[in-house]
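Each chain, written out:
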Amino acid sequence: MSNSFPYLTFPSAVPEVVLKQRRSAERLRAERAARALKAKATHKASRQVALRRAEAYVAEYRRQERMEVALRREAKATGNFYVPPRLRSPSSSVSAVSTV
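Report on the accompanying structure. (Residues numbered from 1 in each chain as written. Predicted model: local features only at pLDDT ≥ 70, side-chain atom pairs only at ≥ 80, totals over all residues. Heavy atoms only, no water.)

In terms of regular secondary structure, the protein chain is built from two helices and zero strands. Burial statistics for the protein chain: of 100 residues in total, 1% are counted as buried. Of the accessible surface of the protein chain, which amounts to about 10,000 Å², a share of 62% is contributed by carbon and sulfur atoms. (Helix = DSSP H or I, 4+ residues; strand = E, 2+ residues; numbered from the N terminus. Buried < 20%, exposed > 50% of the residue type's maximum accessible area, 1.4 Å probe, protein only. Areas by Shrake-Rupley, 256 points an atom, 1.4 Å probe, with all protein chains shown as cover.)

Structural data, given as structure tokens:
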């Protein structure tokens, strides 16, 4: 049904201010969703990096343990003793610096 009287216009059922608020709320919701999606991707990437670092750490220490066992067995087979290397303590390096 077309309006045969174009000069008769009726106000919309929803005020303009409410329509503007809805549009701005929708825009903010879309921006928030985009930020959340980006944050999720960034978090996933950082978790993958952390996992790779942890795997490398575990592999390094397993390799080190196998090397220690092999050296201990080799020393025992030749009738010697295996003395593990001394761990560097941070206090020994600090004491050299603090002799001011």
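Having put the structure on the table, let's press on.
A few words now on the pattern of salt bridges. A full pass over the atoms with the stated rule returns five salt bridges. Note that Glu68 is salt-bridged to Arg72, the shortest N-O span being 3.6 Å. In this pair, Glu68 and Arg72 are both assigned in helix H1 (residues 16–77), four residues apart and thus about one turn of the helix distant. (Salt bridge = Lys/Arg side-chain N within 4 Å of Asp/Glu carboxyl O.)

Next up on the list: the packing of aromatic side chains. Describing an aromatic ring pair means giving the distance of the ring centres and the angle of the ring planes. Under the definition given, this model contains one aromatic pair. Their ring planes at 50° and their centres at 4.7 Å tell us that Tyr57 and Tyr61 sit as a pair that is tilted. Of this pair, Tyr57 and Tyr61 both sit in helix H1, four residues apart, roughly one helical turn. Looking at Tyr57, the relative accessible area reads 54%, which means it is exposed. (Phe/Tyr/Trp six-rings, centres within 6.5 Å; stacked < 30°, edge-to-face > 60°.)

Honestly, it's all geometry; don't read function into it.
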